[in-house]
Structure formats: C-alpha cells, structure tokens
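The residues making up each chain are set out below.
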Amino acid sequence: MAQTHILGYPRIGAQRELKKAQEAYWRGEIAQSELLQAGAEIRRGNWQAQRDAGLERVTVGDFAWYDQVLNHTLMFGAVPRRFSEGAADNKLDQYFRLARGRAPSGEPVAASAMTKWFDTNYHYLVPEFTAEQAFALDAEWLLAEVREAQQQGHRVKPVVIGPLTYLWLGRADGDALALLPKLLPCYQQLLQQLAAADVDWVQIDEPILGLDLPGEWRAAFAPGYAQLCAAAPSLKLLLATYFSPLRENLPLVFGLPVAGVHIDCVRAPEELPAALEALGAEQVLSVGVVNGRNIWRADLARWQAALQPLQQQLGERLWLSAGCSLLHCPVDLDTEQKLLPPQRQKLAYARQKLHELQQLQALLQNTAAVDKSAVSAPVDASATAGELADTWRPQRYVERAKRQRERLQLPPLPTTTIGSFPQTDLLRQTRRQFRSGELSEQDYLDHLRAEIAEAVRRQEILGLDVLVHGEAERNDMVEYFGEQLHGFVHTGNGWVQSYGSRCVKPPIIFGDISRAQPMTVEWSRYAQSLTKKPVKGMLTGPVTILNWSFPREDIPRSESCLQIAKALRQEVQDLEAAGIGIIQIDEPALREGVPLRESGHQGYFDWAVACFRYTCATVQAETQIHTHMCYSNFNAIMEAIVALDADVITIESARSDLRLLESFAGKQGGYPNEIGPGIYDIHSPNVPEREELVARLRKVAEVIPREKLWVNPDCGLKTRSWAEVGSALLNMVEAARTLRAELDVTESA
Ligand code: GLN
Ligand code: ZN
C-alpha cells in the first residue's frame, strides 16, 4: 500500500495563533514561556491533524518562530557578528534579533536581508557568510521537537534544508560553494544525532535541483551526499525537490545514494515516467500530487488513474504527498466563515489536503474502474495568443511624449508620489466601522472624500506637480479591485505566511473575471475637480492582481490575466473619458510570476507584458501611462520592462543605492522612456534631508537625461505618518527645484 506524508505544514495556527503570540511577546505583553507554550500547542495540533488523516509519519522541523532558513542559520552557528558580539542572551531572543535587526545591546542594526523563497510569496532570511565562515552544530531545537512529537506517540520524519540549497540561499563574501566542506560535518553530526534519537527517515530538501544550476554546484551533489549517507547508515534520507522540473538534474538526483526521492508532480507531471525509469531498485518514490500552493481540491480520479500502475509496481515504495510544503496554503477550511457551500465544496486548505492524501491512498487500494473522464485537459497558453497579438499603442513613445508635454505643461524634473498617502488610525477605524455596519455607507464615503480633499490640499501646499488622490478608499491594492470585479471570491480566514508574523490573504479567482462597474473613476474625478494640477488615476495592473491571487487551475494563467486586463481596459477608458490625463498601472508583482527555469521566461513575459499593454492600448497619445515597480535587481527582466512601453516608470532604487539605475540608463538596452527613480526609502521612518536628496538627484541626473527624469519617493506612503510624509516631500520638492536651477545654469552656460 502506498504511504502518505507531507513535506511540511503551515505553522501560523488555524487562527494565526503564532502571529498573535509573537507580536504580544515582542511588545513585552507575554512572557517567553507563554510564547513557547503557544508554539507547542500549534505543533501538537499540526501533528495530530497528520495522525488523524492516517499519515504514517508526522513531519517535524517545519515549525519556525520566524523562518525555517533562520532556524538553520542558528543551528549551524552562522550568526553574523553584529548579532552575536557582546552579551550571550537567550537563544530565542537572539533568533528574533537576527530577524528584526537588534544588536545584543538592543541597539538597532541592519536586520538580516529578506528575500522570496523561490517563486513563492514567502520570504526567508538570507544567511550571510564570510570567507572565513565557520559552522558549529547546535541542533537542540530540532531534537527537542523530535522528542516532543515522539512523546505524543507519533512516528516522526524530521525535515531539514539540504546543505547545497542552504549555501545557495546565502550571500557570501566570495564563493558559497567553497564552504561546503566546512558545513558537511555539521550535517553528518546532525544525522547521527537524529539516528540516535530513534529516527528512521529524514527528509532533506534540495529545491535548487529545479534551477538552472552552474556545473560546479551540480557536481557537488554526488560527493556531498555520499558523505552524508555514509555518516548515519541506519538512517534513510528522502531527498525532496519541488517547485520546478528537474530536467538535466533528474539522473543526478536519482543517482544519489539516498533512500528516496520526492518529486513535484503538480509543477512537473511530465517527469513522472522518467523518474520511474531512473528510480533505484530499492528507492522510494514520493510523488507530490496535491497542490501545496493553491486552494482547489485535487483531481483525485485523475491521479488515481495515473498512479495505479505505479502502485502496482512499487507498492510500499510509492509515497503520496503534496507537491511542496503546505506552508504555502491556508490552514483549515473548517475555520472559514465567509464562503458559501458551493464555493467551499471546491476548496481544500492544508488540513483538507491531508485528507485528500488519505482518500487517494484508499482509491489506489481499490482497483475499481477509474473515471477517466475526470482527467483534466492539459493547460496551455495558446488560447490567448490571438487577442494578445497586437497590443502596442498606435503612436510610438516619441510622438506620445510630445503631445503629453503640450497637454500637461509640467516643469522639468516633475515631482510626484507613488499613489497612497498615510492610512491613519482614524481611516482604518472608519473602514472597520463601515464594514461592521456601525457606520452608514454615506458617512463612510463622506469620510473618504474628506481624506481625499485633505490629501489634495496638502500636495498643493507642498508644491508637487502631479498629484494623486491618495488611495484612502483601499486597504489593499489587490483586494480593492478583487472585491469589485466579478469572478473573485474573498476568504475570511485564508491566511498564508508571508514572513515572520506577517500573513497575506490572497483572493481566489473563482470564475471568469469581468468588470461590474467603474471602480476608481469617481475618486479620481473628485480629486481632479479640486485642483488645476493633473491628478494621476491609480490602478493595480493585471499581472499583479493575478500573481497575488490564488489562480484557477482549469484555464491557463494567461487567460485569467487577459480577463483582468479586459476589465482594467474598461476602467482606463472610463478614467480617460472623465478627463484624467495620467493613469498609473502598478505592477509590483510582475517579477513574481517568472518561472524558475530560464527556458520558461520568454513564454511568461510574452503574455504578461502583452496583458499590461492591453489595459492601455486604446488610450489617446496625450494620455500618459505610468507604471510602478518596487524591487531592486531589474537587470534580469529589463527587456520585459521596456516592452511594457509605459510612458513613465517609477521604481525602487533608494535602498539599492541607485546601482540599479545602471540598468535603466544602460548605454544599450536601457529604459527608453521617462523614469522616476525613487530618491528616498519610504520603508524607513527617517526623514531624508534636503541636501541628501539634492546629492542623490545630482547623481541620478548624471545617468538619466533631464528631459526623462521624474522625482518621487520609491513606493507608496500608506505606512508612514503625515508628519514624516509632509517633511520628506517638502524636502523632495525643494531638492527638485534646486536641481532644476542647477541644470538651467549648466545648460545656458
Ligand atoms: N500605488 C500603490 C501605493 O502607492 C503602489 C503600492 C506598491 O507598489 N506595492 O501604495
Ligand atoms: Zn511600490
């Protein structure tokens, strides 16, 4: 009989208990013992849920107080000096100091960098390695959790991140791979300690095997795993890969001396035959067939049909699982209050996915006829190709820019902001009151109008050139549109961890998407009625709406994206008709949908970029289209950004110290249209000095021609206070004036 297991379970708790306990602990409201207790309760519940669903072993080691990569950094003693020098404090406090940026003295120091875990929306803390990096094992937390689960009567399967993936994820002074010989002894000891703790199987995650790996990294696997496997011969290793096809690494993976291999059949079902072929005579094959990254029920009949022959061939050597850890999906549908029965019926959160594995196991036991009609058709992107064939605006940028200049009459180096203004406590409270019915719609709308009027008034006083309405009506840039479009469903408790104590609640693309009615037009029209300066209309782009939602699985993502683009095009047209001369379409999540393998990039960008252009392809030449993105490292996607063909792009660049401007200003292949490099970091509460901004602008003006340069912060201001925003923008406007004067002088000289 096939066995069932999972690679990992969400650790936030069904009611986000972990978040609540963490934050209370950070605020000093609860003792550490209470926090520890809350974590133990979550683990107990998670293991019990696995046991209740008949899983042979519960997974241990997937719990983390903040992040699983950070767990390993502490386990291997790779704590950067700024967090360790001085007092030796409590281990958990040290752990939080790495995550939150505090020295042992309590002084603020740079927190560990955070970045996305492969192509998910989960962020891990990036390990930092020095050239002289030393490692020393302290696996007490993992061993303690193993004992804890065993004491609760479970058979356990601990999970650790493999040594090559761990090194790959870090930032090294020099070559991270060179550290492998120093790190492997820690893993060897770790495996020995686990073997001594009565563990039989260990899951070791190496998701980098789904990347285009450099040759030296590939070559390091065989000798590295030979050492690991020899260290604890009684222990069986399950090598887990996920998120991406193995391709050229497939023979390598199955050739390792590991007792089993997990492959992600959700992401790469086509590799199942090759995996079976390559499987060693005694190796276990774990197939991930339930989607750990989405909320739809699995098509079990389809998997029954596909796996029946494997079951016959492999018997107990076939393991059933989800494609990846269930960390990336919400916890328990039974706690969901908001959905209607017909919606609920189609969904499975983590706990329901455990039962799907159990059901599949039962289906495979019984060789009764399989309903082949349930096998879903493979999804391909060709359906949208025709409609996306020509999405370019009829006039080229040069022609458009001329007309826009005539219409808008902006000064050189125009100043603007990215869209949102502070979401004050009062505003949030008013929204809550409206949602709970305490406040009438009329009162709520009046309040929003007052907020907008105030934002416009402040911007006029500050002397900004292109104004915004301030997004007071939005709590979230995707949810706001999702709530108004047909086709989306919003959950009440569909939280997924994003980082640390932060969770997101992505909407579900449930059906075909279309626009019911204008979504933003009245707000923009109202703001524009209050001022002679141009007000930018503000939309979230189709790719970002798609990438921050749970997508459908029955149609290609490109098709959902086009549906969203069609709805947004109507909105763009209505804004234009309402006299809005500048429309910004934000795409901060464009990069997130990029496939992990380079070979998939072009296919993705082809439709994603065309969908963006589709939203604004019909506007007049004199209507100016802006877009905004906020992450550094644009180099890899520069070509796609250029192809968006926005008249103006505003980008994050303050934190990356303007380095990325090089790609935008690049001699060849730079950004050909106008650019607003964020000149200060809105994530920091520090108000930038005027002189600092002038200096920064001078540097920017050296690489970007003045007629293409805009002046703006690097992202929206909704998380800041009005006091910070007022002073920062005043300095920014003055810096722009200083620079205009300087440039005038150099030009007339
Ligand atoms: N217009 C949005 C804002 O200003 C953009 C947010 C974002 O880039 N994530 O808040
Ligand atoms: Zn941004």
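This text gives an overview of the structure that appears in the document. (Residues numbered from 1 in each chain as written. Chains lettered and ligands numbered in written order. Predicted model: local features only at pLDDT ≥ 70, side-chain atom pairs only at ≥ 80, totals over all residues. Heavy atoms only, no water.)

1. Points about the sheet that holds strand 18 (residues 535-540)
As a general point, the strands of a sheet are linked pairwise by backbone hydrogen bonds and lie either parallel or antiparallel.
Step number 1: Spatial ordering of the open sheet is given by 13-18-19-20-21-22, a layout of six strands whose pairing is parallel. Pairing within the sheet leaves two strands with one partner each, and these edge strands are strand 13 (467-468) and strand 22 (674-677).
Step number 2: Of the pairings in the sheet, the one linking strand 13 to strand 18 comprises two bridges and is parallel in character. Looking at strand 18, one finds that Leu467 is bridged to Val535. (Pairing = 2+ DSSP bridges. Helix = DSSP H or I, 4+ residues; strand = E, 2+ residues; numbered from the N terminus.)

2. Let's talk about the packing of helix 17 (residues 441-462) against helix 19 (residues 521-529)
Step number 1: The N-to-C vectors of helix 17 and helix 19 enclose an angle of 45 degrees; their axes lie 10 Å apart at closest approach. Judged by the inter-axis angle, helix 17 sits oblique to helix 19. As helix 17 runs across helix 19, the sense of the crossing is right-handed. Together, Leu445, Leu448, Arg449, Ile452, Ala453 and Val456 of helix 17 and Trp523, Tyr526 and Ala527 of helix 19 make up the contact between the two elements.
Step number 2: The residue makeup of the contact of helix 17 with helix 19, split by class, is eight nonpolar, no polar and one charged. (Axes fitted to C-alpha atoms, helices over the stretch in contact; angles between N-to-C directions. Parallel < 35°, antiparallel > 145°, perpendicular 65-115°, else oblique. Left-handed = near helix turned anticlockwise from the far one by under 90°. Contact = heavy atoms within 4.5 Å. Nonpolar A, V, L, I, M, F, W, Y, C, P; charged D, E, K, R; others polar.)

3. Description of the coordination of the zinc ion (ligand 2)
Step number 1: Of the protein atoms, only His628 (NE2), Cys630 (SG) and Cys715 (SG) coordinate the zinc ion (ligand 2), at distances of 2.0 to 2.4 Å.
Step number 2: Each donor residue of the zinc ion (ligand 2) belongs to the same chain, and together they define the spacing H-x1-C-x84-C. Within this pair, whereas His628 is found in strand 20 (residues 624-629), its partner Cys715 is found in the loop between helix 25 (690-703) and helix 26 (722-748), the two being separated by 87 residues in sequence.
Step number 3: For Cys715, a relative accessible area of 17% translates into the label buried. (Donors = N, O, S within 2.8 Å, 3.2 Å for Na, K, Ca; no water. Buried < 20%, exposed > 50% of the residue type's maximum accessible area, 1.4 Å probe, protein only.)

4. Some points on the sheet that holds strand 8 (residues 201-205)
Step number 1: If you trace the eight strands from one edge of the open sheet to the other, you get 1-12-11-10-9-8-6-2, paired in parallel fashion. Each edge of the open sheet is held by one strand with a lone partner, namely strand 1 (3-4) and strand 2 (58-60).
Step number 2: Bridge count for strand 6 (residues 156-161) against strand 8 is three bridges, and the pairing is parallel. The residue of strand 8 that forms the bridge with Val159 is Gln203.
Step number 3: Where helix 8 (residues 180-196) meets the sheet, its contacts fall on strand 6, strand 8 and strand 9 (236-240), and the angle it forms with strand 6 comes to roughly 170 degrees.

5. A few points about the packing of aromatic side chains
Step number 1: In total, this model carries 22 aromatic pairs according to the counting rule given.
Step number 2: Relative to Tyr124, the ring of Trp117 lies with its centre 6.0 Å away and its plane at 80 degrees, an arrangement referred to as edge-to-face. Each member of the pair Trp117 and Tyr124 is classed as buried.
Step number 3: Taking the centre distance of 6.0 Å and the plane angle of 75 degrees together, the rings of Phe129 and Phe135 count as edge-to-face.
Step number 4: Taking relative accessible area as the criterion, Phe129 reaches 2% and is therefore assigned buried.
Step number 5: Since its relative accessible area comes to 12%, Phe135 is described here as buried.
Step number 6: Each member of the aromatic cluster is reached from another via a ring pair, and the members are Tyr25, Trp26, Tyr66, Tyr95 and Phe96.
Step number 7: The ring of Trp495 has Arg16 lying over it, and the distance from NZ or CZ to the ring centre is 3.8 Å.
Step number 8: Residue placement shows Arg458 over the ring face of Trp722; its charged tip is 4.3 Å from the ring centre. (Phe/Tyr/Trp six-rings, centres within 6.5 Å; stacked < 30°, edge-to-face > 60°. Lys NZ or Arg CZ within 6 Å of the ring centre and 35° of its normal.)

Shape is all these values report; function is a separate question.
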